[in-house]
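# Overview (structure and organization)
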Amino acid sequence: MRIRVIDAFTDRPFAGNPAAVCVLDGPGWPDEAWMQQVALEMNLSETAFTRPEPGPDAEWGLRWFTPAVEVRLCGHATLATAHALRSDGLLKGGVRFATRAGILTAEAADDGTITLDFPIAPVIPIPAPEGLAEALGAPPIAVYDTGALDDIVVEVADVRALRPDFTRLAALTRRGVAVTAAGSDGFDFVSRFFAPAVGIPEDPVTGSAHTALAALWSARLGRDELVGLQASARSGVVRTRVAGDRVLLTGHAVTTLEGTLSC
C-alpha cells in the first residue's frame, strides 16, 4: 500500500507539519488497530487514511490517527490528503470529506494553495485552570474554552519563550493547548500548540486550532481575513477567513517522501 509524507501549511520541504497519507481503494475501512499501528510506526502528529465514499454528501471518507489515538478533527492532515488527491489527479477543484467532525471540504486553487472549510470554534473566556501557569512556565493573560474542539486557548506575552512541562500540561487538558499572542512582521497573530494528552508534545502547525484562533483574533482585530504564524521549530503559515459559523484555512503543501507499506 502506498504511503506519503506531506508537509502541510508550507511551500517548502522540511517545514510546516508533516502528515502521513494513505489513499485506500477498498470498499471498507481497514482494521482500526492496524491503522493505529501504522500511525504509531510513522510517529508523526497525524496519519490520515482516506477512501472513496461516493454519496450525496461526500466523495471521500477521511480518518486521522495520532501515534496514540484516533482524533475527531485535524486540519494539516486534511490539507495533506487533499494535496495527495490533487497529485494523483483525483481532485478537480473541490472535494468533500465525510469525517467524525461532519462534512469538510477542500478547494484547490490555481496558485497551488488549498483552502479548507471547517466549523468555527467559538471561544468563551474561562478562569485559568489551577496549575496552568506552572505547566506552561508563564502566567496566562487570558484563557478560553473552545467547546467541541476540546482545546483551551491561552493568551501569553511571549509564545516563543515557553518551555512547558508536558506531564503537567497533559493532566490539565482534554486534547490540547493553543498558546497565542499578537503578531508582527506581517503576521496578525502567532501561536504554538501542545497536545501531550493525545501523544503530541508540540504540534508543528495545527489547522484545527486555527478555527478558534481565527475566531479570537478576528473579533479582536475587526477583520475577517488574517495571517497566522505557528512558531514551532518547523514553523508554518495559516491564512484564515471567518465566514459566519465557518472558518476557511488556506495553505500550501509539499510531498517529501513516498513509499510502500509492506504489511
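Overview of the structure. Since the structure is predicted, the reported quantities are computational estimates derived from the model, not experimental observations. (Residues numbered from 1 in each chain as written. Predicted model: local features only at pLDDT ≥ 70, side-chain atom pairs only at ≥ 80, totals over all residues. Heavy atoms only, no water.)

### Notes on the environment of alanine 48
With respect to the secondary-structure elements, alanine 48 resides in strand S3 (residues 46-52). Assessed through its relative accessible area of 0%, alanine 48 is described here as buried. In this structure, the C-alpha to C-alpha distance between alanine 48 and threonine 81, residues 33 residues apart in sequence, is 7.0 Å. Residues within four places of alanine 48 in sequence aside, it is in contact with Ala20, Val21, Cys22, Leu62, Arg63, Trp64, Ala77 and Thr81. (Helix = DSSP H or I, 4+ residues; strand = E, 2+ residues; numbered from the N terminus. Buried < 20%, exposed > 50% of the residue type's maximum accessible area, 1.4 Å probe, protein only. Contact = heavy atoms within 4.5 Å.)

### Some words on the pairing of strand S14 (residues 200-203)
Taken together, the two bridges between strand S13 (residues 189-195) and S14 define a ladder with antiparallel strand orientation. From the neighbouring strand, alanine 195 faces S14, where its bridge partner is isoleucine 200. Connecting S13 to the next strand, S14, in antiparallel fashion are four residues, including glycine 199 with a positive phi near 90 degrees. (Pairing = 2+ DSSP bridges.)

### Here's the deal with the packing of aromatic side chains
Tallied over the full model, the rule gives four aromatic pairs. Measuring from centroid to centroid gives 5.8 Å for phenylalanine 49 and phenylalanine 65, while their planes differ by 85 degrees, and the two rings are edge-to-face. Residue phenylalanine 49 is located in strand S3, and its partner phenylalanine 65 is located in strand S4 (residues 60-65); the two are separated by 16 residues in the primary sequence. When its relative accessible area of 0% is taken as the criterion, phenylalanine 49 is described as buried. Taking relative accessible area as the criterion, phenylalanine 65 reaches 1% and is therefore assigned buried. (Phe/Tyr/Trp six-rings, centres within 6.5 Å; stacked < 30°, edge-to-face > 60°.)

### Some remarks on the environment of leucine 24
When you line up the elements, leucine 24 lands in the loop between strand S2 (17-23) and helix H1 (32-42). Sequence spacing of leucine 24 and arginine 51 is 27 residues, and the spatial spacing of their C-alpha atoms is 4.8 Å. In this view, leucine 24 contacts Met1, Trp29, Pro30, Phe49, Thr50, Arg51, Pro52 and Trp60; residues no more than four positions away in its chain are not counted.

### Considerations on helix H5 (residues 210-221)
Residues that lie three or four places apart on an α-helix share one face, since the helix turns once every 3.6 residues. By the criterion of burial, H5 is predominantly enclosed, with nine of the 12 residues buried. His210, Thr211, Ala212, Leu213, Ala214, Ala215, Leu216, Trp217 and Ser218 are the residues of H5 that are buried. Note on H5: the residue one or two positions beyond its end, glycine 222, has a positive phi of about 75 degrees.

### Digging into the pairing of S4
Across the six residues that make up S4, a large majority, six, are buried. Burial of the side chains of S4 extends over both faces: Trp60, Leu62 and Trp64 are buried on one face and Gly61, Arg63 and Phe65 on the other. Where S3 meets S4, six bridges bridge the pair, whose relative direction is antiparallel. Pairing of proline 52 across the sheet is with tryptophan 60, part of S4. Pairing analysis gives two bridges linking S4 to strand S6 (residues 94-99), with the strands arranged parallel. By the bridge assignment, glycine 61 is partnered in S6 with alanine 98. Pairing between S4 and strand S5 (residues 70-71): two bridges, direction antiparallel.

Functional significance is not addressed by these values, which are geometric in nature.
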